[in-house]
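# Inside the fold
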Amino acid sequence: MNFNKHSNLEGQHAFLGASKYHWLNYNDDKLVETFSNLRAAQKGTELHEFAAMCIRLRQKLPKSQKTLNEYVNDAIGYRMHPEQVLYFSEWCFGTADAISFRNNFLRIHDLKTGKERAHIEQLRIYAALFCLEYRVSPADIKIELRIYQSDEVIIDEPDASVIVPIMDKIITFSKIITKLAMEEDL
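Calculation criteria
Residues numbered from 1 in each chain as written. Predicted model: local features only at pLDDT ≥ 70, side-chain atom pairs only at ≥ 80, totals over all residues. Heavy atoms only, no water. pLDDT = per-residue confidence, 0-100. Helix = DSSP H or I, 4+ residues; strand = E, 2+ residues; numbered from the N terminus. Contact = heavy atoms within 4.5 Å. Buried < 20%, exposed > 50% of the residue type's maximum accessible area, 1.4 Å probe, protein only. Phe/Tyr/Trp six-rings, centres within 6.5 Å; stacked < 30°, edge-to-face > 60°. Lys NZ or Arg CZ within 6 Å of the ring centre and 35° of its normal. Pairing = 2+ DSSP bridges. Axes fitted to C-alpha atoms, helices over the stretch in contact; angles between N-to-C directions. Salt bridge = Lys/Arg side-chain N within 4 Å of Asp/Glu carboxyl O.

## Notes on the confidence of the model for the protein
Reading fine detail from the predicted coordinates is not recommended where pLDDT is low. Averaged over every residue, the pLDDT of the protein is 95; the share at 70 or more is 99%. By mean pLDDT, the top-scoring element of the protein is strand β3 (residues 105-111) (98), and the lowest-scoring one is helix α1 (residues 28-57) (94).

## Regarding the side chain of H48
Looking at where H48 falls in the secondary structure, it is placed in helix α1. Dropping the residues within four chain positions of it, H48 is found in contact with E83, D97, L111 and T113.

## Topic: the environment of K66
Structurally, K66 can be placed in the loop between α1 and α2 (67-77). For K66, a relative accessible area of 47% puts it in the partly exposed group. Counting along the chain gives 85 residues from K66 to D151, while the straight-line C-alpha distance between them is 5.0 Å.

## Quick word on the packing of aromatic side chains
Evaluated as defined, the whole model comprises five aromatic pairs. Taken together, a centroid distance of 5.2 Å and an interplanar angle of 85 degrees make the contact between F15 and F35 edge-to-face. Here the residue F15 occupies a position in the segment before α1, and F35 occupies one in helix α1, the gap between them amounting to 20 residues. Classification of F35 as partly exposed rests on a relative accessible area of 33%. Ring centres of Y87 and F93 lie 6.0 Å apart, and the angle between their planes is 25 degrees; this geometry places the pair in the stacked category. Pairwise contacts between aromatic rings join F101, F130 and Y134 into one cluster. The ring of Y26 has K30 lying over it, and the distance from NZ or CZ to the ring centre is 5.7 Å. R107 extends its terminal NZ or CZ atom over the ring of Y78, reaching a point 3.5 Å from the ring centre.

## Considerations on the sheet that holds strand β2 (residues 92-102)
Sheet strands line up and pair through hydrogen bonds in the backbone, either parallel or antiparallel. Across the sheet, which stays open at both edges, the five strands sit in the order β1-β2-β3-β4-β5 with mixed pairing between neighbours. Each edge of the sheet is formed by a strand with only one pairing partner; in this case those strands are β1 (81-89) and β5 (152-156). With strand direction ignored, the average angle separating the axes of adjacent strands in the sheet is 35 degrees. Bridge count between β2 and β3: five bridges; the pairing is antiparallel. Its bridge partner lying in β3, R102 is registered against F105. Across the face of the sheet, α1 comes into contact with β1, β2 and β3 while running at roughly 105 degrees to β1.

## A look at the pattern of salt bridges
Counted according to the given criterion, the structure contains eight salt bridges. D151 serves as the salt-bridge partner of K66, at 3.7 Å between the closest nitrogen and oxygen. On the criterion of sequence distance, the pair formed by K66 in the loop between α1 and α2 and D151 in the loop between β4 (142-149) and β5 is long-range, its members being 85 residues apart. By relative accessible area, which is 38% here, D151 ends up partly exposed. Two residues, D156 and R124, come together in a salt bridge whose shortest N-O distance is 2.9 Å. With D156 in strand β5 and R124 in helix α3 (residues 121-133), the pair connects residues that are 32 residues apart, well separated along the chain. In this structure, a network of salt bridges that share partners links the residues D74, R107, E144 and R146.

Here it is, written out as structure tokens:
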């Protein structure tokens, strides 16, 4: 038998695909909810890409209290870099939506487009990763973290007592995972 070629679909997964078989148990309402959540996540990705492009091009959006506009305009105003990877190890890294560091002031902003309430811990991890990667003591700098969501801005100003334990945990957990990975390779 000669099978049909679908080279344009190789490596992709259909919404109603076999590897995501849970949909077999969905009723119509659950299907609609799950599909809507997927579309919202895709829109969030596109909004992040759009925001990053605006920031790179220094293209401000109309002044507004709307989440996207305020996020983009603040990032441009503070001369931030969009979509910056912060790396400690192969086990611990992440991408900050917008970041700047000048005059011993670390600023990290995060754009949240979903309905689920954001948690500041994500940004605290980014701050810890920054300090580890660039060998900066959190005791020697000022840190401001902002979450932009639902037309609100949540601001957190953690000090070293908050960031150092996260740094310590990143170091310890990365060592443990590295050891486990090496043992598996033997």
